[in-house]
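# Structure at a glance
This is what each chain is made of:
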Amino acid sequence: MSLNATPSGERVHIGFFGRRNAGKSSVVNAFTGQELSVVSEIKGTTTDPVLKSMELLPLGPVVIMDTPGFDDEGALGELRVKKTKQVLNRADCAVLVVDATVGLTPVDRELLSLFREKNLPYLIAYNKSDLAAASGELEEPGLLVSAKTGENIHELKERVARLVDREGPQPHLVADLLAPGDLVVLVVPIDSAAPKGRLILPQQQTIRDILEARAVSVVTGVEELPQTLQSLGKAPRLVITDSQAFGAVNKLVPRQIPLTSFSILMARYKGTLDQSAAGAAQLDQLQDGDKVLLSEGCTHHRQCEDIGTVKIPRWLKEYTGKDLVLEHSSGRDFPEDLSPYRLIIHCGGCMLGEREMAYRQKTAQDAGVPFTNYGMAIAQMHGILQRSLEPLATARKEQGKQS
């Protein structure tokens, strides 16, 4: 991931939905000005969701998602429909592509119901307007377009942009906790699990946010931390550590210096902080045979000391002393039925959009399953959860006074 590239989780996700042969892929290609999706007269040409990250004016960085036809048939069709529903959980807005020569069908209306159920902003693009004798009022408000002639494609872009308008105050990872000139020490372990030649995404984003606050970041390793703290001309405003080094860093940082982790900051940024803090307490309630889901939002090559499959399982065993059943999910494969689990421990979700994290959180909540994240769980298991949340609680009090 380049430092200049906008992460997928920070991009506007635009989903295109509809029946087979309504012209979704043609509209996507016209919308993006690229041959993004294969177009054919044969029904069901799009067999899996097609995702493309790009810059799209007037929106900026986006992810375009072209989905299989929602009326696909057979066992394979059911799988494609399931994948289409999963895309709904990631989308910031939806474009329903309707064949203007046919009009709204029961399948289209089912999709509209799903959009409304998920509070997903949407608009209807009535495609093939060049073939339709479109007179009179449309069945549902929308826009007549033609992927073939380009009619109203520019207007479609403008309307989509208005659907996902992100003007106004945006959340911060850490900038709102800082003042200009503050020193922030970032503890970044370089071990066998660290990516070669780069920082992981939360570390990149945190450095960028510190720059936004006109503060100063100092990056160091765990072993170099004591010397780093000693060499600073003043106490840092905050120390932020990779969660897997929480135990060691807690012992090295004096109690009067605020300490938290990248993962905990990410939980606040994604809106899961309170639920994750409450979920971490459930670690003390686990019993023999309980199922725990460890879930990650991305897929990567597992190293010998991988945090999700090696370190956290080991710490869980040491902390609880229980014989737990651990299951794992990664990428987009998040279980729909969470009822078998006693606890969900999720990564920070840096590669997931706000809507998808909210969906996973809500799915757990609806199933009555406690939900926490890596940083919270690790802090709880090292006995430092309260300390790691204090900088955020202090910021809340100050913001409450100002409002």
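A brief structural summary. (Residues numbered from 1 in each chain as written. Predicted model: local features only at pLDDT ≥ 70, side-chain atom pairs only at ≥ 80, totals over all residues. Heavy atoms only, no water.)

A separate point is the sheet that holds strand β12 (residues 325–329). If you walk across this open sheet you meet the four strands as β12-β11-β13-β14, and the pairing is parallel. Whereas interior strands pair on both sides, the edge strands pair on one side only; in this sheet they are β12 and β14 (371–373). Between one strand axis and the next, the sheet turns by 25° as a mean value, whatever way the strands run. Direction of pairing for strand β11 (residues 291–295) relative to β12: parallel, over a ladder of five bridges. Following the sheet pairing, valine 292 is matched in β12 by leucine 326. Contacting β11, β12 and β13 (343–346), helix α10 (residues 307–320) crosses the sheet at an angle of about 155° to β12. Against the sheet, helix α12 (residues 374–381) engages β11, β13 and β14, with an angle of about 85° to β14. (Pairing = 2+ DSSP bridges. Helix = DSSP H or I, 4+ residues; strand = E, 2+ residues; numbered from the N terminus. Axes fitted to C-alpha atoms, helices over the stretch in contact; angles between N-to-C directions. Contact = heavy atoms within 4.5 Å.)

On to the sheet that holds strand β8 (residues 216–220), then. In space, the four strands of this open sheet follow the order β8-β7-β9-β10, with parallel pairing throughout. The strands lining the two open edges of the sheet, one partner per strand, are β8 and β10 (259–261). With strand direction ignored, the average angle separating the axes of adjacent strands in the sheet is 25°. Looking at chain direction, strand β7 (residues 183–187) and β8 are connected through five bridges and run parallel. From the neighbouring strand, valine 185 faces β8, where its bridge partner is valine 218.

Turning next to the pattern of salt bridges. In total, this model carries twelve salt bridges according to the counting rule given. Between arginine 109 and glutamate 140 there is a salt bridge; the shortest N-O distance is 3.9 Å. Placement of the pair is arginine 109 in helix α3 (residues 106–117) and glutamate 140 in the loop between β5 (122–127) and β6 (143–144), with a sequence separation of 31 residues. Take arginine 109: its relative accessible area is 38%, and that puts it in the partly exposed class. Residue glutamate 140 is classed as buried on the basis of its relative accessible area of 19%. (Salt bridge = Lys/Arg side-chain N within 4 Å of Asp/Glu carboxyl O. Buried < 20%, exposed > 50% of the residue type's maximum accessible area, 1.4 Å probe, protein only.)

A word on helix α11 (residues 354–367). In a regular helix each residue adds 1.5 Å, so 14 residues correspond to 20 Å; α11 covers 20 Å between its end C-alpha atoms and thus fits that length. By the burial criterion, the buried members of α11 are Glu356, Met357, Arg360, Gln361, Thr363 and Ala364. For α11, the buried positions fall inside an angular range of 155° around the axis, keeping them on one side. Looking at α11, the residues exposed on the side facing more than 90 degrees away from the buried face are Glu354, Gln365 and Asp366. Buried residues along α11 sit against α9 (273–280), β11, β13 and β14. (Expected span 1.5 Å × (residues − 1). Arc of directions from axis to C-beta.)

This brings us to the nonpolar core. Membership of the largest hydrophobic core comes to 58 residues, with the highest contact counts inside it found for Ile312 and Ile345. Ignoring any residue separated from it by four or fewer positions in sequence, one finds isoleucine 345 in contact with Leu283, Val292, Leu293, Leu294, Ser295, Leu316, Thr372, Asn373, Tyr374 and Ala377. Counting 24 residues, the second largest nonpolar core, distinct from the first, contains Ile14, Val28, Phe31 and Val164. (Core = buried A, V, L, I, M, F, W, Y, C linked by side-chain atoms within 4.5 Å.)

At a closest axis distance of 9 Å, the pairing of helix α1 (residues 24–32) and helix α4 (residues 153–163) adopts a crossing angle of 85°. In this view, α1 runs roughly perpendicular relative to α4, as classed from their interaxial angle. For the pair α1 and α4, contact is made by Val27, Ala30 and Phe31 and by Ile153, Leu156, Lys157 and Val160, respectively. For the contact of α1 with α4, the residue count by class is six nonpolar, no polar and one charged. (Parallel < 35°, antiparallel > 145°, perpendicular 65-115°, else oblique. Nonpolar A, V, L, I, M, F, W, Y, C, P; charged D, E, K, R; others polar.)

Attention now goes to the side chain of threonine 32. Secondary-structure assignment places threonine 32 in helix α1. Setting aside residues up to four positions removed in sequence, threonine 32 forms contacts with Met54, Leu56 and Ile64.

A word on the pairing of strand β9 (residues 238–241). Regular strands place side chains that alternate from one sheet face to the opposite one. Burial of β9 is two-sided: the residues Leu238 and Ile240 facing one way and the residues Val239 and Thr241 facing the other way are all buried. Pairing of β7 with β9 involves four bridges; the strand directions are parallel. Considered in β9, the bridge of valine 187 is made with threonine 241. Across three bridges, β9 lies against β10 in parallel orientation.

Of the residues making up α10, those classed as buried are Ile307, Gly308, Lys311, Ile312, Pro313, Trp315, Leu316 and Thr320. Among the residues of α10, the N-terminal cap falls to aspartate 306, whose side-chain oxygen and the backbone nitrogen of glycine 308 are separated by 3.3 Å. Looking one or two residues beyond α10, the residue adopting positive phi is glycine 321, at roughly 70°. (Polar contact = N/O pair within 3.5 Å; in protein donor to acceptor, adjacent residues only side chain to side chain.)

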